[in-house]
Amino acid sequence: MAETAYERYLSADKMLSFQKKEEDLICDGERDFQGVQQEAEFIWTRINLMLKRTNEKLQASNVWEAVDLLGQAANLWGGLTQKSQELLMRLWPNDFLKIRKMIGEGASTADSPRYHESERLARSLWPLFENRLAKYSLTIPKLLQEEPDDTGHHDMQALLKAMMWYDYRVQEFAIAHLYLVFGVIGDRTAGLKGGTTDFLINRYNSYLFPKLWDSINSLYVDFKPSQ
Ligand code: HEM
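Just so it is clear, the model here is predicted, and its values are computed rather than measured.

Student: Kindly report on the overall build of the protein, identifying the contributing residues and their values.
Tutor: Within the protein, the regular secondary structure consists of eleven helices and zero strands. Walking the protein from its N terminus toward its C terminus, one meets helices and strands in the order α-α-α-α-α-α-α-α-α-α-α. Across its three principal directions, the C-alpha atoms of the protein cover 65 × 50 × 30 Å.

Student: A description of unusual backbone geometry should follow, citing residues and the corresponding values.
Tutor: Keep in mind that most residues, glycine aside, have a negative phi and that most peptide bonds are trans. Unusually for a residue other than glycine, Ser-61 sits at a positive phi of about 60°. In this structure, Ser-61 sits in the loop between α3 (28-59) and α4 (63-90). Using a count of 12 C-beta atoms within 10 Å as the deciding quantity, one classes Ser-61 as exposed. For Ser-137, which is not a glycine, the phi torsion comes out positive at approximately 50°.

Student: Describe the site of the ligand, with residues and values.
Tutor: Taken together, 26 residues surround the ligand, and among them Ser-108, Thr-109, Gly-191, Lys-193 and Gly-195 come closest. Here the shell around the ligand is built from residues that sort into 15 nonpolar, eight polar and three charged.

Student: Hey, could you go over the environment of Val-67 for me, with residue numbers and the actual values?
Tutor: With respect to the helices and strands, Val-67 occurs in helix α4. By C-beta crowding, Val-67 is classed as buried, having 22 other C-beta atoms within 10 Å. Separated by 96 residues in sequence, Val-67 and Met-163 have C-alpha atoms that sit 8.1 Å apart. Those residues in contact with Val-67 that lie beyond four places of it in its chain are Ala-158, Leu-159 and Ala-162.

Student: Run through the nonpolar core, naming residues and quoting values.
Tutor: Looking at soluble globular proteins, one finds that nonpolar side chains tend to be buried together. Counting 26 residues, the largest nonpolar core has Ala-66, Leu-70, Ala-73, Leu-159, Met-163 and Tyr-166 as the members making the most contacts within it. Looking at this core, the elements that each hand over two or more residues are α3, α4, α7 (125-135) and α9 (154-184). Not counting chain neighbours up to four residues away, the residues in contact with Leu-70 comprise Thr-54, Ala-162, Met-163 and Tyr-166.

Student: Describe the environment of Gly-35, naming the residues involved and giving the relevant values.
Tutor: With respect to the helices, strands and loops of the structure, Gly-35 is situated in helix α3. Classification of Gly-35 by C-beta neighbours within 10 Å gives partly exposed; the count is 15. Spatially, the C-alpha atoms of Gly-35 and Lys-52 are 26 Å apart, while their sequence positions differ by 17 residues.

Student: Please give an account of α4 that cites residues and values.
Tutor: Helix length check: α4 (28 residues) gives 41 Å between terminal C-alpha atoms against 40 Å at 1.5 Å per residue, within 8%. Looking only at α4, the buried set comprises Val-63, Ala-66, Val-67, Leu-69, Leu-70, Ala-73, Ala-74, Trp-77, Leu-80, Lys-83, Ser-84 and Leu-87.

Student: Lay out the environment of Ala-107 with the relevant residues and their values.
Tutor: The topology assignment puts Ala-107 in the loop between α5 (93-103) and α6 (113-123). Taking C-alpha positions, Ala-107 is 9.4 Å from Gly-191, a pair spaced 84 residues apart along the chain.

Student: I'd like to hear about the packing of α4 against α9, residue by residue, with values.
Tutor: Between α4 and α9, the shortest axis-to-axis distance is 9 Å and the interhelical angle comes to 10°. In this view, α4 runs roughly parallel relative to α9, as classed from their interaxial angle. For the contact of α4 with α9, the per-class residue count stands at 23 nonpolar, seven polar and three charged.

Thresholds applied
Going along each chain's sequence as written, the residues are numbered from 1 onward. In view of the model being predicted, local features appear only for residues whose pLDDT reaches at least 70, and side-chain atom pairs are presented and counted only at 80 or more, with totals across whole chains, interfaces and linings using the full set of residues. Secondary structure follows DSSP: runs of H or I at least 4 residues long count as helices, runs of E at least 2 residues long count as strands, and numbering of each begins at the N terminus. Exposed residues have 12 or fewer other C-beta atoms within 10 Å of their own C-beta, buried residues have 20 or more, and residues in between are partly exposed; the C-beta atoms are placed from the backbone. The criterion for a residue being near a molecule or strand is a backbone-placed C-beta atom within 6 Å of that molecule or strand. Charged residues are taken to be Asp, Glu, Lys and Arg, nonpolar residues to be Ala, Val, Leu, Ile, Met, Phe, Trp, Tyr, Cys and Pro, and polar residues to be all remaining types, Gly included. Contacts are defined on C-beta atoms placed from the backbone: any two residues whose C-beta positions lie within 7 Å are in contact. Each nonpolar core consists of buried Ala, Val, Leu, Ile, Met, Phe, Trp, Tyr and Cys residues. Their C-beta atoms, within 7 Å, join them into a set. A helix is expected to span 1.5 Å multiplied by its residue count minus one. Axes, fitted as lines to C-alpha atoms, cover a helix only where it is in contact. Angles between the N-to-C directions of the axes lie from 0 to 180 degrees. When an angle is under 35 degrees it counts as roughly parallel; over 145 it counts as roughly antiparallel; between 65 and 115 it counts as roughly perpendicular; any other value is oblique.

Read these as layout, nothing more, since geometry by itself doesn't imply function.
As structure tokens, then:
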């Protein structure tokens, strides 16, 4: 059948040629494993463009547009979380053992440049957030204490929430991925880059915007539960 304009636009032939042929799959779950890893790379390119635009919007003081974009990028991480859950359901541990023997050492997603770029781009938003706080003589605790109704900084409150939501979605993916690892290779088996779940748990503890999460404590410093 002649190639349609739709397939030409997608470079569908070329794109799908990167999938293993059905007869070469070690098990059906390999279609899901390779497919999800490939989809993740595509999704990270989409997230990274959104983060780049978010940065530009903040530099141009278009805070509401930045809030909107960050929310959309966060939702894409939700898709990655769901895919990790699908793999936990789909991959039979003994099948994955066969896949791993074939992949060999060193081929870990921990080396994905697009994943690392997503982290760099997200962290690049923090100085822009702090600069805007300084511009309006604000601090995070001050912003937290302002009532949503009478604040003149509604946009900054929305940005604070959007950054928290983005960070949460990334951490949520990290948790789903951690359970995928527990369920497929266990918590004492080294990964393709030599890390066990200890490495992943340490990484999970590193928020993208740690000062933001820590600032919530400041609200409760003088709080005493009523008798
Ligand atoms: C059965 C499937 C999987 C297993 C057993 C697994 C296992 C691991 C392990 C052990 C690590 C630590 C580094 C290493 O030694 O490799 C790691 C890192 C990583 N994996 Fe997976 N993984 C799986 C699937 C996935 C999928 C589907 C994705 C993406 C959607 C993914 C994304 C990542 C990322 C981004 C890292 C680096 C994490 C960081 O630096 O914080 N993994 N994986």
